[in-house]
Amino acid sequence: MSLQTTLKALSDPIRRDILERLKKGRMSAGEIADCFPVTAASISRHLSVLKEADLVRDTREGKYIYYELNASVLEEIMLWVTQLKGESDNEGDA
């Protein structure tokens with residue numbers, strides 16, 4: 001996945017809120033939709049963007065789709081940001 005795709009996915013407050021909720025454990029699409037005052041179609045689109053960015057994984061169980069956080073992508077981004085911040089801090093010390 002490209003960094004641009006990931007950052008685009010993280011740029012929306014609803015998508016960030018979905019990720020926060022998934023931090024606590026997997027949820028069905030319906031459970032996620034119930035948390036927001038938007039249409040189920042809108043939540044479905046948000047989940048698609050998050051999945052495209054590889055920030056969430058989905059598993060179908062019967063007629064339900066469950067989503068869970070893919071923390072490895074977030075860890076990669078945090079590492080990149082930390083390294084970027086560290087390089088910036090070091091330049092100020094020189």
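Thresholds applied
Residues numbered from 1 in each chain as written. Predicted model: local features only at pLDDT ≥ 70, side-chain atom pairs only at ≥ 80, totals over all residues. Heavy atoms only, no water. Helix = DSSP H or I, 4+ residues; strand = E, 2+ residues; numbered from the N terminus. Rg over C-alpha atoms; globule rule 2.2 N^0.38 Å. Buried < 20%, exposed > 50% of the residue type's maximum accessible area, 1.4 Å probe, protein only. Contact = heavy atoms within 4.5 Å. Areas by Shrake-Rupley, 256 points an atom, 1.4 Å probe, with all protein chains shown as cover. Lys, Arg positive; Asp, Glu negative; His and termini not counted. Charge placed at Lys NZ, Arg CZ, Asp CG, Glu CD. Pairing = 2+ DSSP bridges. Polar contact = N/O pair within 3.5 Å; in protein donor to acceptor, adjacent residues only side chain to side chain.

- An unreviewed UniProt entry annotates the protein chain as Autorepressor SdpR family transcription factor originating from Candidatus Acetatifactor stercoripullorum.

### A short note on the overall build of the protein chain
Reasoning step 1: The number of helices and strands found in the protein chain is 5 helices and 3 strands.
Reasoning step 2: Moving toward the C terminus, one meets the helices and strands of the protein chain in the order α-α-β-α-α-β-β-α.
Reasoning step 3: Since a compact globule built from 94 residues should have a radius of gyration of about 12 Å, the 16 Å found for the protein chain marks it as more spread out than a globular shape.
Reasoning step 4: Expressed along its principal axes, the backbone C-alpha trace of the protein chain runs to roughly 60 × 25 × 25 Å.
Reasoning step 5: The 94 residues of the protein chain split such that 27% are buried.
Reasoning step 6: Considering only intrachain contacts with a sequence separation of at least 6, the fraction spanning at least 24 residues in the protein chain is 53%.
Reasoning step 7: For the protein chain, the exposed surface amounts to about 6,400 Å²; the carbon and sulfur share of it is 52%.
Reasoning step 8: Distance between charge centres in the protein chain, computed from 13 positive and 16 negative side chains, equals 8 Å.

### Points about the pairing of strand 2 (residues 56–61)
Reasoning step 1: Pairing analysis gives 6 bridges linking strand 2 to strand 3 (residues 64–69), with the strands arranged antiparallel. When the bridges of strand 3 are listed, E61 appears paired with Y64.
Reasoning step 2: Hairpin connection between strand 2 and strand 3: a loop of 2 residues separates the two successive antiparallel strands, and G62 in this loop has a positive phi of roughly 65°.

### Some words on the environment of R26
Reasoning step 1: Residue placement: R26 occurs in the loop between helix 2 (13–22) and strand 1 (27–28).
Reasoning step 2: In this structure R26 comes out as partly exposed when scored by relative accessible area, which is 42%.
Reasoning step 3: A C-alpha to C-alpha distance of 30 Å links R26 and Q83, two positions 57 residues apart in sequence.
Reasoning step 4: Looking at R26, its side chain comes within polar contact range of the side chain of E61, at 2.7 Å.

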